[in-house]
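Fold and contact review
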Amino acid sequence: MLVVLIAASIAIPVFAQQAHFEHLDNSAPYGFEWPIKEVAVIGAGVSGLLSYRALSDKHHFDRIRIFERDENPGGNWHYSDEHAATVPIASGLGCDWWKADYTANIPSQIPFHKVYKAGSNESLRDEFEKNRINHRQPKPLWQSLRANTPAPQQQVPGFSWPFGVEWASHHSKVQRYLRSFASWLGINNGDQSTDVSYNTRVELVSKRLDNKGRQTGWTLVLRKYVQTYQGVYVEQYWEEASATGISLDINTFAKTSYLSVREHSNDPRAPIRREAHLSSVAGNTTMIGEIKAFHPIPKHGNMSTGEIELLNGTIIFGTGFRYAFPFLPQYHNSSVSGNEPADSEEQPIVTDGSHVRSLYLDTFYIDQPTLAFQGQNVGIQTFIYGKYAGEAIARVWSGKAHLPSAQAQWRHFWKTVEERGGLKKGFQWLDNELNSRSLNYFVAWLNAAAIENGEKLLELPPDVTDVMDVWMKARAAGVSVNPDGRNDLQEIDHVQHQWRAAIRDDW
Ligand SMILES: Cc1cc2nc3c(=O)[nH]c(=O)nc-3n(C[C@H](O)[C@H](O)[C@H](O)COP(=O)(O)OP(=O)(O)OC[C@H]3O[C@@H](n4cnc5c(N)ncnc54)[C@H](O)[C@@H]3O)c2cc1C
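Right, let's walk through the structure included here. What you see is a predicted model, and the numbers here were worked out from it, not measured in a lab. (Residues numbered from 1 in each chain as written. Predicted model: local features only at pLDDT ≥ 70, side-chain atom pairs only at ≥ 80, totals over all residues. Heavy atoms only, no water.)

1. Let's talk about the packing of helix H1 (residues 46-57) against helix H6 (residues 382-397)
The test is simple: Helix axes are fitted only over the stretch in contact, all axes being lines through C-alpha atoms; the angle between N-to-C directions runs from 0 to 180 degrees. What counts as a helix is a DSSP run of H or I of at least four residues, what counts as a strand is a run of E of at least two, and both are numbered from the N terminus. Oblique is the label for any angle not covered by the other classes, which are roughly parallel (under 35 degrees), roughly antiparallel (over 145) and roughly perpendicular (65 to 115). Each crossing gets its handedness from the near helix: less than a right angle anticlockwise from the far helix is left-handed, clockwise is right-handed. Whether two residues are in contact is decided by their heavy atoms, any of which lying within 4.5 Å being enough. Each residue gets one of three labels, nonpolar for Ala, Val, Leu, Ile, Met, Phe, Trp, Tyr, Cys and Pro, charged for Asp, Glu, Lys and Arg, and polar for the others, Gly among them.
As a packed pair, H1 and H6 sit with axes 8 Å apart at the nearest point and diverge in direction by 40 degrees. Relative to H6, the element H1 lies oblique. Taken as a pair, H1 and H6 cross one another with a handedness that is right-handed. Residues Val-46, Ser-47, Leu-50, Arg-53, Ala-54 and Leu-55 of H1 form the contact with H6, whose participating residues are Thr-382, Phe-383, Gly-386, Lys-387, Gly-390, Glu-391, Ala-394 and Trp-397. Of the residues that constitute the contact of H1 with H6, the class distribution is 7 nonpolar, 4 polar and 3 charged.

2. So, the side chain of Arg-146
To keep things clear, this is the line we draw: Throughout this description, a polar contact denotes any pair of N or O atoms lying within 3.5 Å of each other; where both atoms belong to protein, one of them has to be capable of donating a hydrogen while the other can accept it, and for residues adjacent in sequence the pair is counted only when both atoms sit in side chains.
Along the chain, Arg-146 falls in the loop between helix H2 (122-136) and helix H3 (171-185). Among the polar contacts made by the side chain of Arg-146, one reaches the main-chain carbonyl oxygen of Ala-168 at a distance of 3.0 Å.

3. Observations regarding the environment of Glu-455
Selection criterion: Whether a residue is buried, partly exposed or exposed follows from its accessible area with a 1.4 Å probe, protein chains only, as a fraction of its type maximum: under 20%, in between, or over 50%, in that order.
Looking at where Glu-455 falls in the secondary structure, it is placed in the loop between helix H8 (432-453) and helix H9 (465-476). A relative accessible area of 17% means that Glu-455 is categorised as buried. Contacts of Glu-455, omitting those with residues within four sequence positions, involve Lys-58, Arg-395, Lys-400 and Ala-450.

4. So, the environment of Asp-195
Position of Asp-195 among the secondary structure elements: in the loop between H3 and strand S5 (196-197). Look past the residues within four positions of Asp-195 in its chain and what remains in contact with it is Tyr-52, Ile-64, Arg-65, Ile-66 and Ile-187.

5. What to know about helix H7 (residues 406-419)
Put simply, the rule reads: Residue count minus one, scaled by 1.5 Å, sets the expected span of a helix.
Along its 14 residues, H7 runs 20 Å from first to last C-alpha, staying within 8% of the 20 Å computed at 1.5 Å per residue. For H7, the complete set of buried residues consists of Ala-408, Gln-409, Trp-410, His-412, Phe-413, Thr-416 and Val-417. The inward-facing, buried residues of H7 abut strand S11 (359-360). Backbone geometry just downstream of H7 places Gly-421 in the positive-phi region, at approximately 80 degrees.

Structure (structure tokens):
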């Protein structure tokens, strides 16, 4: 979902002399205002790990540090039985909705270090435990979840799954796989590496200015929360899953469930048509239209048409990946709507929360490309795509490839907006064609630069369109996963039999 990389150091224009790939025009390449020598990576999910691999391969940076709020690597795939705090619906109505699950908590004096001794005081222990859970933020997985991508596609290039792995891997296997990858990089949580700091949440990122007021890098405020031994906590500061998938799993346990489907959500760019997804929804699901608002149930009933009462019910938002960065408040502006640019010198990155904007190639923040975001696209195979986005970031920041001028990046951005039908939900969605165009672009751009400077050439990932096609069709045709981990069909008829043969784990 989210990864941000930030470079910090001192000012001197660099890279202006080096050759550049001619992106859209022949304008001079972008010249960074300071040499990039130190990089912070926020998040140790697959995107963060891939960035780290690409950055450390360059042997260019003086310091690369990953900050991860959780105690383990793996990001979304770190399952635990802990529950995230429930978020009151009303929180979404304010103008600071984007603070998401935390508000930066910064003491007036930094560094700050405090030890809490709960000892046998049960209520204090409960409170600290609640703080610890909020700090790491349990991931939105459920016990029976299996990957909806076949293992050969949910695989980091250059780091294979063990031979014979099930295609529909249980989440515990994906977590194990990612932790092995982190170990291979030497940054798992037992590795004692100073390149990574677990239990460390980035609270705030702000510009680092010199005494003339010019930006020379970034400052991060970090919050570390550690339980050292029983009852003692240390708080420290210093500078789709698709809705249909959820519905399928939950309907075994829930008496009634409602699946909300927007009238206009049938995006023709999606690799699998909406009808195909919906055909696999369990029979006891009630389909409803778009939800316009949530409000508490009145004490004495009286619901009017068009409203649904969920007494003692819960709501699952399967509404897409979250696009908000509580640690970057200066780049949020919820008063900007639609395709408007903001009336400010620096453009916002988040506006109404439906998309992330102002990024070149969905990656580099155009107004200050020492900020980069990896894993913002949807519809892609994060484990594979991340290699190319990570390489682009590492090569640009180490001077091995170049961004076009800021004007050319903005032109490219607005052209992309036009091509993708505007800034709205789904803006970052890449269908098969856009996905392969993007990968081709990364490879052509980075290889053109590599020929100039002797860097390794990149290859495109193997074309697995046919395999994915079979996989998706088989699942949409009603393939379920048996508890023993093997895929099977719920109902077998003549046509489905072919899919069954195609999807078998030993195929
Ligand atoms: C239920 C579910 C099922 C999915 N199934 C699949 C699937 O089958 N196949 C597939 O390819 N994808 C699937 N996905 C998509 C999944 O998000 C990607 O596979 C992948 O995990 C994205 O990796 P990432 O590193 O970009 O983000 P994440 O895995 O979300 O990692 C982000 C990391 O950043 C950390 N972080 C966030 N904020 C801060 C902060 N302020 N300070 C420090 N650290 C911070 C988080 O703790 C987290 O570790 C699924 C997603 C969900 C929710």
